[in-house]
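# A look at the structure
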Amino acid sequence: MSTMAVDIPREQPPSYLTDGVTLRSWLLTTDHKRIALLYLGSVTIFFFVGGTAAALIRYNLIVPEGMIASADTYNRLFTMHGIVMVWFFLVPVVPVTLGNFVIPLMIGARDLAFPKLNLLSWYLFIAAGIVLIYALFAGGLDTGWTFYTPFSTNFSNGHLIAAVTAVFISGFSSIATGLNFIVTIHRLRAPGMTWYRMPVFLWSLYATSVLYVLATPVLAMTLLLLGFERIFGLGVFDPALGGDPLLFQHLFWFYSHPAVYIMILPGMGVISEIIPTFSNKPIFGYKFIVWCSIAIAVISFLVWGHHMFVAGTSLYSALVFSILSYMVAVPSAIKVFNWIGTMHKGYIRFDAPMLYALGFIGLFTIGGLTGLFVAALAADVHLSQTYFVVAHFHYVMVGGMVSAFFAGIHYWWPKITGRLYPEMWGRAGALTIFIGFNLTFFPQFIVGYLGMPRRYHSYPPDFQVLNVLSTAGATILAVGYLLPLAYLTWSLLYGKRAPDNPWGATGLEWTTASPPITENFVTTPEVTEPPYNYAQPEAARSG
Amino acid sequence: MTDRLRELSLTLLLLLVLLALEFGMAFLPLARSLRPLILVPAALMVCLVGAVFMEIRQGPAIVRLFAIAGLLWLAILLGLGSLDPLTRVDLNVGAIATANQTMPSAIRNR
Amino acid sequence: MSDTMATHEFQYSSAEHQAETAISGMWLFLATEVLFFGALFLSWIYSRHWNQAGFDAGAQQTWLAIGTINTVILLTSSFVYSVGLAFIRAGNSRRLVQCCAVAWLLGVAFLILKFGVEWPDDIGKGLFPGHGFSIEGPLRGGAQLFFVFYFFGTALHGLHMLGGLGVVGWIIRRARRGDFSPAFHTPVSVVGLYWSFVDMVWIVLYPLIYLIGRGP
């Protein structure tokens, strides 16, 4: 079951990569696969913009008084880091790159339901990005990515309007993508592909898309109100004028809490594809895991108040949100057991995607469990606004989600590009990221618990050792992120050509060529078997 | 065709009746906190437009799911979102004195 | 006026499949709009909750007659468009064009009354929030917040109406070219859904603005 290199016969129709070579054929494409690549390039750029901000933040925190002289600059750095990483990387990344590419292949369709809408969503994303880059070069802003009022509306000295305009536009890109995915999954499944024959990745993206379409509009209105309050002094969020600053927080977190599940659900979906493939076993508890995705999506809308426990909301509502927050952890935990159950008695291979997936399980579990700490009202009084929270969400977002993204990129790389990446470098990258990540963020749990506040450019000298460790870890992590950039790019030119199904995986996407032809399938496939049908691996492997 | 025209005309008539009803309700001496009940006829009007003009019953099943989801999530937003102000202990710090305050002009950048 | 065989894009199995998918897509989009306006409604709830007397005092300054007339106009417009859709289903493209034109004109009438008559009147009475706001005293905060909601809500609704006029106009153009038939009129249905939805938003805004705060 090792990977094979195969010569592609010359008589085959052109792949989607060579079907049209002009710039126009790329920039005006409606092919979901090309749009996925357009997105991949864009989010990679944003990842490095946000990563540069992160590097500067960690650089600043090497010494207690802050390496970067001005606190204001530091504030702008963490604000930009947050905005870029949330809205221009994590929220879109897996759906627009892997989702766009894989969904039609996985359901046996020729494209998404609305291909032109798909292209429009990319252009909206780019427009948003341009506005954001303008805001960045004009000097950024210092409110944090959360834009809390009345500081942002009345006192902040920064480019709030530009920043919220960028985010506002990006929201429409999200809504378009989510709408496209939901309608596609409902309406374009191949004959025989019932809901329970769909791979888990599709259920996860469906759940994510529900979040996209229902939560993002609330963000859109919130940012409109915020912007107009800033410009005209409306008063909706200003207590001096009869408004309620907590209204902003309620509206903001109504979107932003589901947003964190927008970020993680696709990653869970990727892991749910990779674990069965590299354990050569069907996923354990298929119905549990798919309904848990839906449950996470639904319950995620009921917990937003846990970001506001110390903000002045009523104790009664805080209690309700705390209980609901405990409930939302349950389906996530069930999924972890499903993945472990899948591996149990499986034939496990430690290729790079699997290493990333294993890292995901461990890091996501730590991140998820620490979320329960802060979901407890009494503990949150102490932990809120400290590095404990920062470590918690970076464990789930970076340790979890970014690992899952890398897992997915490596897993589907042969399908997307028709090339194999160098396996040893892939494993080295996965290990480097795992080590670097833990060294960066574990110390942050400790300093947070000890009371070091977040969003401060300086800190008491007692915390220096742990901060230096964290920065050292960040350096290793940066190397870990640069490695795949290097060897994946290398593989585009020099990598071995990939067969249709290098991993011996089940799933319709592996029955078509690597890379696929523009129409994905020569004839519409018909599905007669359950997903993850690893009892007959010969049927799934390419010839 | 004529059936449909009849259905549409009756619906318009009913909508206008409901409009008159809510218009009339506005002039009843309802307590301030009960006045939102005026939204009940409005909600019925929304249902009529959806059921008859937008033909939600004749569409594919999925559109009913989408409509219900939209309304359910609206209920979550408005319901769970109102929970806090309705149960908050309001330490109102002198609305009269602050009502005429002008906004600080500390804003330099946009 | 052709009655051509309806075709479909390469990812659909039939014309009906594609038509139903387009309608599903529009309904899903409308669900997102419900949440969009929903956030504004939450701000109405908060603003009124914290400033009930002032908020309602502001509401009493609204021009009830013009708001009510506008509601009748929009209900009729939605009705007329639906009649047009029924006509094209029966094969009468000419009546479709006429109905859409009437619906379109009613929409324009709404916008003229709202933005050409009512808004200037409100602004002239000093009801635009900000420095020149004319209601003074303890009710000022709440009244001003009411007018924030009023101007914001009607502006956003108006923008959606403008978009609606655009797409209804597009339907009129295509219908005059003979693009639609009983076999193919999906765009007419889809635009009709949007147009009726914009009507729905107004049906909710109307009592929030003109009725709830008003009273003996």
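Residues numbered from 1 in each chain as written. Chains lettered and ligands numbered in written order. Predicted model: local features only at pLDDT ≥ 70, side-chain atom pairs only at ≥ 80, totals over all residues.

## Focus: the overall build of chain C
What counts, and what does not: Labels follow the DSSP assignment, with helices taken as runs of H or I lasting at least four residues and strands as runs of E lasting at least two, numbered in each case from the N terminus. Note on burial: count the other C-beta atoms lying within 10 Å of the residue's C-beta; 20 or more is buried, 12 or fewer is exposed, in between is partly exposed, and C-beta positions come from the backbone. We call two residues in contact when the distance between their C-beta atoms, placed using the backbone, is within 7 Å.
In terms of regular secondary structure, chain C is built from six helices and zero strands. Mapped in sequence order, the helices and strands of chain C form the string α-α-α-α-α-α. Its C-alpha atoms give chain C principal-axis dimensions of about 70 × 30 × 30 Å. Relative to its full complement of 216 residues, chain C shows a buried share of 53%. Relative to all contacts within chain C whose residues are 6 or more apart in sequence, the contacts with residues 24 or more apart total 76%.

## Structural notes on the overall build of chain A
So the rule is basically this: All radius of gyration figures rest on C-alpha atoms, and the globule criterion is 2.2 Å times the number of residues raised to 0.38.
Within chain A, the regular secondary structure consists of 17 helices and zero strands. On C-alpha atoms alone, chain A measures out to a radius of gyration of 23 Å, which is about the 24 Å that the 2.2 N^0.38 rule sets for 543 residues. Over its C-alpha atoms, taken along the principal directions, chain A stretches across nearly 70 × 45 × 45 Å. In chain A, which comprises 543 residues, the share counted as buried stands at 59%. Here the analysis covers contacts within chain A between residues at least 6 apart in sequence; of these, 85% occur between residues at least 24 apart.

## Side note on the interface of chain C and chain B
As a reminder of what qualifies: Classification used: nonpolar for Ala, Val, Leu, Ile, Met, Phe, Trp, Tyr, Cys and Pro, charged for Asp, Glu, Lys and Arg, polar for all others including Gly.
Across the boundary between the two partners, chain C contributes 43 residues, which contact 45 residues of chain B. Put simply, the parts of the chain that give the side of chain C that touches chain B at least two residues each are helix 1 (15-50), helix 2 (52-59), helix 3 (64-89), helix 5 (140-176) and helix 6 (186-211) of chain C. When residues of the side of chain C that touches chain B are assigned to their parent elements, the largest contribution, 15 residues, is made by helix 1 of chain C. Along the lines of polarity and charge, the residues of the side of chain C that touches chain B split into 26 nonpolar, 12 polar and five charged.

## Brief notes about the packing of helix 4 (residues 93-124) of chain C against helix 5 of chain C
Packed helices, taken two at a time, are described by their axes: the angle between them and the distance between them. Residues and elements named next belong to chain C. Quick reminder of the rule: With axes taken as lines fitted to C-alpha atoms, and helix axes fitted only over the stretch in contact, angles between N-to-C directions fall between 0 and 180 degrees. Geometric relationships in this document are graded by angle, where less than 35 degrees denotes roughly parallel, more than 145 denotes roughly antiparallel, 65 to 115 denotes roughly perpendicular, and other angles denote oblique. If you view the pair so one helix is near and one far, a crossing is left-handed when the near helix is turned anticlockwise from the far one by less than a right angle, and right-handed when it is turned clockwise.
In contact at an axis separation of 9 Å, helix 4 and helix 5 are set at 160° when each is read in the N-to-C sense. Considered as vectors, helix 4 and helix 5 are oriented roughly antiparallel to each other. With respect to the hand of their crossing, helix 4 and helix 5 are arranged in left-handed fashion. Considering only residue class, the contact of helix 4 with helix 5 consists of 16 nonpolar, six polar and two charged.

## Some thoughts on the environment of T154 of chain C
Tracing the chain through its elements places T154 of chain C in helix 5. T154 of chain C sits 35 residues away from W119 of chain C along the chain, and the two C-alpha atoms are 9.6 Å apart.

## A closer look at unusual backbone geometry
The amide bond that connects T149 of chain A to the next residue, P150 of chain A, takes the cis arrangement and shows omega of -5°. Its location among the elements puts P150 of chain A in the loop between helix 5 (115-137) and helix 6 (151-155). Here E55 of chain B, not a glycine, exhibits a phi torsion of approximately 50°, which is positive. Relative to the helices and strands, E55 of chain B is located in the loop between helix 2 (39-53) and helix 3 (61-87). Residue classification places E55 of chain B among the partly exposed positions, given that 18 C-beta atoms sit within 10 Å.

## Brief notes about the interface of chain A and chain C
Counting from both sides, the interface comprises 32 residues of chain A and, opposite them, 30 residues of chain C. At the level of elements, helix 7 (160-187), helix 8 (200-232) and helix 9 (245-279) of chain A are the ones that each hand at least two residues to the side of chain A that touches chain C. By residue number, the principal contributor to the side of chain A that touches chain C is helix 8 of chain A, which donates 10 residues. A breakdown of the residues in the side of chain A that touches chain C according to their chemical character gives 22 nonpolar, six polar and four charged.

## Here's the deal with the packing of helix 12 (residues 352-375) of chain A against helix 14 (residues 387-417) of chain A
Residues and elements named next belong to chain A. At a closest axis distance of 8 Å, the pairing of helix 12 and helix 14 adopts a crossing angle of 160°. One finds that helix 12 runs roughly antiparallel with respect to helix 14. Relative to helix 14, the crossing made by helix 12 is left-handed. Considered class by class, the residues forming the contact of helix 12 with helix 14 number 17 nonpolar, 10 polar and no charged.

## Quick word on helix 1 of chain C
What counts is decided by this rule: What a helix should span is 1.5 Å times the count of its residues minus one.
Taking 1.5 Å of rise per residue, the 36 residues of helix 1 of chain C would be expected to cover 52 Å, and the 53 Å separating its terminal C-alpha atoms lies within 8% of that figure. The buried fraction of helix 1 of chain C is high, at 29 of 36 residues.

## Some thoughts on the confidence of the model for chain C
Residues and elements named next belong to chain C. The condition is simple: Each residue carries a pLDDT score, the predictor's confidence in it, ranging from 0 to 100.
The share of residues in chain C with pLDDT of 70 or more is 96%, and the mean pLDDT across the chain is 92. Under a pLDDT of 50 for its full length, residues 1-5 has, in the predicted model, five contacts with residues more than four places off or in other chains. Taken over the whole predicted complex, pTM reads 0.92, whereas the ipTM for its chain interfaces reads 0.92.

## Some words on the confidence of the model for chain A
Mean pLDDT over chain A: 93, with 96% of residues reaching 70 or higher. Segment residues 536-543 of chain A is flagged for pLDDT under 50; beyond a separation of four residues in sequence, or across chains, it makes 12 contacts in the model.

## Considering the environment of F115 of chain C
Residues and elements named next belong to chain C. Along the chain, the position of F115 falls in helix 4. What makes F115 partly exposed here is the crowd of 14 C-beta atoms within 10 Å. In this structure the C-alpha to C-alpha distance between F115 and A155, which are 40 residues apart in sequence, comes to 8.8 Å.

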